[in-house]
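Commentary on secondary and tertiary structure
Residue-level listing of the chains:
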Amino acid sequence: QVQLEESGGGLVQAGGSLRLSCTASGRTFSASTMGWFRQAPGKERECVASIRWTNSRVYYADSVKGRFAISRDIAKNTVYLQMNSPKPEDTAVYYCAANPFYKNRLDRSEDFTSWGQGTQVTVSS
């Protein structure tokens with residue numbers, strides 16, 4: 001079982017920056033894709049960004065393109081989400097997730113089998 005631990009959430013002003021981190025641990029961590037999802041109150045969970053572990057192919061939701069950047073450090077089993085110029089509508093609980101199987105799409109939550117506990121990100125205007 002893979003354990004995922006997020007860190008870096010908190011309160012940030014609109015236009016500022018924040019970096020989320022997610023470190024994987026457990027029995028022989030192996031992932032095809034790592035992703036960041038978010039869920040705001042009353043809304044469905046959505047994929048914000050994801051990255052193929054081996055070749056760095058990435059996916060971004062249209063709402064964050066040009067503002068957020070996902071990256072990974074293979075040696076540290078860690079994936080990052082750099083949030084630049086966040087907006088109040090980015091306020092949500094952000095979850096890290098891992099998908100151990102190869103899938104052509106990178107954004108479907110049902111493909112991700114391990115999830116972190118979530119970290120709150122609040123963007124003030």
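The structure displayed is predicted, hence computed values, not measured ones.

Moving on, we get to the environment of glycine 9. With respect to the helices and strands, the residue glycine 9 is situated in the loop between strand E1 (2-7) and strand E2 (10-13). On the basis of relative accessible area, glycine 9 is assigned to the partly exposed category, the value being 32%. Measuring from C-alpha to C-alpha, the distance between glycine 9 and valine 64 comes to 17 Å, with 55 residues separating the pair along the chain. With residues near it in sequence (within four places) discarded, glycine 9 still touches Leu18, Leu20, Thr119, Gln120 and Val121.

Taken over all residues, the pLDDT of the protein chain has a mean of 94, while the share at 70 or more is 98%. When mean pLDDT is compared element by element in the protein chain, strand E11 (residues 119-124) scores highest at 98, while E1 scores lowest at 93.

Per the stated rule, a full pass over the model turns up one disulfide. There is a disulfide in this structure between cysteine 22 and cysteine 96, and the S-S distance comes to 2.0 Å. Across the S-S bond of cysteine 22 and cysteine 96 the torsion is about -75°, and the bridge reads as left-handed. Of this pair, cysteine 22 sits in strand E3 (residues 17-26) while cysteine 96 sits in strand E9 (residues 92-99), and the two are 74 residues apart along the sequence.

Rules behind the numbers
All residue numbers here refer to positions counted from 1 along the written sequence of the relevant chain. Local features in this predicted model are restricted to residues whose pLDDT is 70 or higher, and side-chain atom pairs enter the listing and the counts only when it is 80 or higher, whereas totals over whole chains, interfaces and linings include all residues. Side-chain metrics rest on all non-hydrogen atoms present in the structure, leaving aside hydrogens and water. Segments assigned H or I by DSSP are reported as helices when at least four residues long, segments assigned E as strands when at least two residues long, and all are numbered from the N terminus. Type-normalised accessible area, obtained with a 1.4 Å probe on protein chains alone, sets the label of each residue: buried when under 20%, exposed when over 50%, and partly exposed for intermediate values. Contacts were defined at the residue level, with two residues in contact if any of their heavy atoms lie within 4.5 Å. The predictor attaches a confidence to each residue, called pLDDT, with possible values from 0 through 100. Throughout, disulfides are identified as pairs of cysteine sulfur atoms within 2.5 Å of each other.

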